[in-house]
2 protein chains.
Amino acid sequence: MNATAASLLGLLDLGGGDLTAGELVRVAEQRIGSFWTLTRSQVHRELAALERDGHVEPGPAGPRDARPVRLTARGRAAYREWLTERLPAETTRVPVLLAVALGAVLEPQALRDVLERSAAGHRDRLAAYRALDAQLAALPGGEPWARATLAYGVHHEEAVLRWFATLPEHVRPPDAGTPRPRAEPPAEGPERQA
Amino acid sequence: MNATAASLLGLLDLGGGDLTAGELVRVAEQRIGSFWTLTRSQVHRELAALERDGHVEPGPAGPRDARPVRLTARGRAAYREWLTERLPAETTRVPVLLAVALGAVLEPQALRDVLERSAAGHRDRLAAYRALDAQLAALPGGEPWARATLAYGVHHEEAVLRWFATLPEHVRPPDAGTPRPRAEPPAEGPERQA
DNA sequence: AAGGCCATGTAACAAGTTACATGATTAA
DNA sequence: TTAATCATGTAACTTGTTACATGGCCTT
């Protein structure tokens, strides 16, 4: 049982019915978006292993050789055990930090350009998360868990943007704000949309 | 040129002199810590490729078959080009978010345990970052770039801890604080755009 | 001087990414 | 009916991880 396999079983559990590889990819994208990458190739490979181990069983075949799978009781127990007992720590690679760590040997202007592009991406993502959250909030059930997941993204992006503002002035990207002032009314509403 | 190779060249540049694979791993751990994972196996593999491509050249051999390498002019240009022109976006897998996304089908108690353990890890890391930052601040040069890197970690961990406090009460880990009162800790971000 | 310890390099394995061939659906 | 498009599965490749054998270093 690995992280990818466990996540697939969990999504099957959440989905309720039979899902194909493509559907799983879509559900993952929708449910955990940019915080849990999954490619179709991975899904196919893991699904094959999961079926071999009895964690999923094939459902009725669909068009295009699409093979929906269904979670088995064994599979449900396996992923839950993994989730509660073997959940690994978060691992990250933050490319922009590499640039910052090398700040002593880089041209300030080059570093500043890198930071500016990175900051723009974070601003865009923050805006996208907020927009999506507004959509979810309007839905009947309120989608509390999807919104909780999104909230992580919002908190993270806000934190990163605040961090940009703390960088030395000669490399700080424009529009990153300034280190100190956190008093003024933050423009909560519609910002420059991506 | 890939991210791992580029980071090795950058660290060689920063280090100044000849470094062995093991030294590179140590420098990476010290400089970008938990935001840039590197294993010795990767370093050996990449170093072989880098030497083949003329990005590094072998220095005087040391004990235990240790083979220090030195950055070449070609290597310096290559990693800088990558850093400023091809820096990839951040990719993350946040296991705890998987649990949250599956909140609808998990036992609340199980989810709460998972969250509590995750929160504990984040608290520990935040404390460690702060302690390390205090050490760096006391150093002669002040280590501005190392501290800037660390600051990212501090901001990130603070944000995650704040996020925990926003989760539904019946799964919120103890010691996570409460959603509303944001008196003391860094508050709503001043991510002013324009 | 000897034995445990630790760092080195190597190799096998697992996971993630990219590119491609095929077949179904849709629109003209 | 035909052509374009899109989703599917497969394969090849790259990157990351884990486990292991060896040899210098340090302590006793």
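Look a little higher up for the structure.
This section reports on the structure supplied with the text. Computed from a prediction, not measured in an experiment: that's the story for all the values here. (Residues numbered from 1 in each chain as written. Chains lettered and ligands numbered in written order. Predicted model: local features only at pLDDT ≥ 70, side-chain atom pairs only at ≥ 80, totals over all residues. Heavy atoms only, no water.)

### Details of the packing of aromatic side chains
So, point 1. Scanning all chains against the criterion turns up eight aromatic pairs over all chains.
So, point 2. Judged by centre distance (5.1 Å) and plane angle (50°), the rings of Trp 163 of chain A and Phe 164 of chain A are tilted.
So, point 3. You can call Trp 163 of chain A buried: its relative accessible area is 0%.
So, point 4. Among the aromatic residues, those joined into a ring-pair cluster are Phe 35, Tyr 129 and Tyr 152 of chain A together with Trp 163 and Phe 164 of chain B.
So, point 5. The positively charged end of Arg 93 of chain B is found above the aromatic ring belonging to Trp 36 of chain A, 4.3 Å away from the centroid. (Phe/Tyr/Trp six-rings, centres within 6.5 Å; stacked < 30°, edge-to-face > 60°. Buried < 20%, exposed > 50% of the residue type's maximum accessible area, 1.4 Å probe, protein only. Lys NZ or Arg CZ within 6 Å of the ring centre and 35° of its normal.)

### Considering the protein's contact with DNA strand C
So, point 1. Among the 19 residues in the neighbourhood of DNA strand C, the closest are listed as Ser 41, Gln 42 and Arg 45 of chain A together with Arg 40 and Ser 41 of chain B.
So, point 2. When atoms of DNA strand C within 4 Å of the protein are sorted by moiety, sugar and phosphate together comprise 53%.
So, point 3. The separation between a base oxygen of DNA strand C and a polar side-chain atom of Ser 41 of chain A is 2.6 Å.
So, point 4. The side chain of Arg 93 of chain B places a nitrogen or oxygen atom 3.0 Å from a phosphate oxygen of DNA strand C.
So, point 5. Of the residues belonging to the surface near DNA strand C, the class tally is three nonpolar, eight polar and eight charged. (Near = heavy atom within 4 Å. Polar contact = N/O pair within 3.5 Å; in protein donor to acceptor, adjacent residues only side chain to side chain. Nonpolar A, V, L, I, M, F, W, Y, C, P; charged D, E, K, R; others polar.)

### So, the relation of the copies chain A and chain B
So, point 1. Mapping chain A onto chain B is achieved by rotating through 180° and translating by 0.0 Å along the same axis, at an RMSD of 0.1 Å. Each copy turns onto its partner about a two-fold axis.
So, point 2. A share of 87% of the interface residues of chain A reappears at the interface of chain B, consistent with the copies meeting face to face through the same patch. (Least-squares fit on C-alpha atoms with pLDDT ≥ 70 in both. Contact = heavy atoms within 4.5 Å.)

### Examining unusual backbone geometry
Residues and elements named next belong to chain A.
So, point 1. Although it is not a glycine, Glu 143 sits at a positive phi angle of roughly 45°.
So, point 2. Examined against the element boundaries, Glu 143 turns out to sit in the loop between helix 6 (108–138) and helix 7 (144–164).
So, point 3. Assessed through its relative accessible area of 27%, Glu 143 is described here as partly exposed. (Helix = DSSP H or I, 4+ residues; strand = E, 2+ residues; numbered from the N terminus.)

### Brief notes about the side chain of Thr 149 of chain A
So, point 1. With respect to the helices and strands, the residue Thr 149 of chain A is situated in helix 7.
So, point 2. Excluding residues within four positions of it along the chain, Thr 149 of chain A makes contact with Arg 31 and Ile 32 of chain A together with Leu 97, Val 100 and Ala 101 of chain B.

### Topic: the protein's contact with DNA strand D
So, point 1. The immediate surroundings of DNA strand D are formed by 19 residues, with Arg 40 and Ser 41 of chain A together with Ser 41, Gln 42 and Arg 45 of chain B found nearest.
So, point 2. Among atoms of DNA strand D positioned within 4 Å of the protein, sugar and phosphate together represent 52%.
So, point 3. Measuring from a phosphate oxygen of DNA strand D, one finds a side-chain N or O atom of Thr 4 of chain B at 2.7 Å.
So, point 4. In the model, a phosphate oxygen of DNA strand D is placed 2.4 Å from a nitrogen or oxygen of the Gln 42 of chain B side chain.
So, point 5. Put simply, the parts of the chain that give the surface near DNA strand D at least two residues each are helix 2 (21–32) and helix 3 (40–52) of chain A together with helix 3 (40–52) of chain B.
So, point 6. Its residues placed into classes, the surface near DNA strand D shows three nonpolar, eight polar and eight charged.

### With respect to the interface of chain A and chain B
So, point 1. Contacts between the two partners involve 75 residues from chain A, matched on the other side by 70 residues from chain B.
So, point 2. Carbon and sulfur atoms make up 67% of the surface buried where chain A meets chain B, a total of about 6900 Å² over both sides.
So, point 3. The interface formed by chain A and chain B contains zero salt bridges.
So, point 4. Taken together, chain A and chain B are joined by 13 residue pairs in polar contact (both at pLDDT 80 or more).
So, point 5. Counting only elements with at least two residues in the side of chain A that touches chain B, the list comes to helix 1 (3–15), helix 2, helix 4 (73–85), strand 3 (91–93), helix 5 (95–101), helix 6 and helix 7 of chain A.
So, point 6. With 13 residues, helix 7 of chain A is the largest single contributor of residues to the side of chain A that touches chain B.
So, point 7. Of the residues that constitute the side of chain A that touches chain B, the class distribution is 42 nonpolar, 17 polar and 16 charged. (Buried area = accessible area lost by both parts, 1.4 Å probe. Salt bridge = Lys/Arg side-chain N within 4 Å of Asp/Glu carboxyl O.)

### Some details on the environment of Thr 4 of chain A
So, point 1. On the secondary structure map, Thr 4 of chain A appears in helix 1.
So, point 2. Spatially, the C-alpha atoms of Thr 4 of chain A and Arg 147 of chain A are 22 Å apart, while their sequence positions differ by 143 residues.
So, point 3. Other than its neighbours up to four places away in sequence, Thr 4 of chain A contacts Leu 38, Gln 42 and Glu 46 of chain A together with Arg 93 of chain B.

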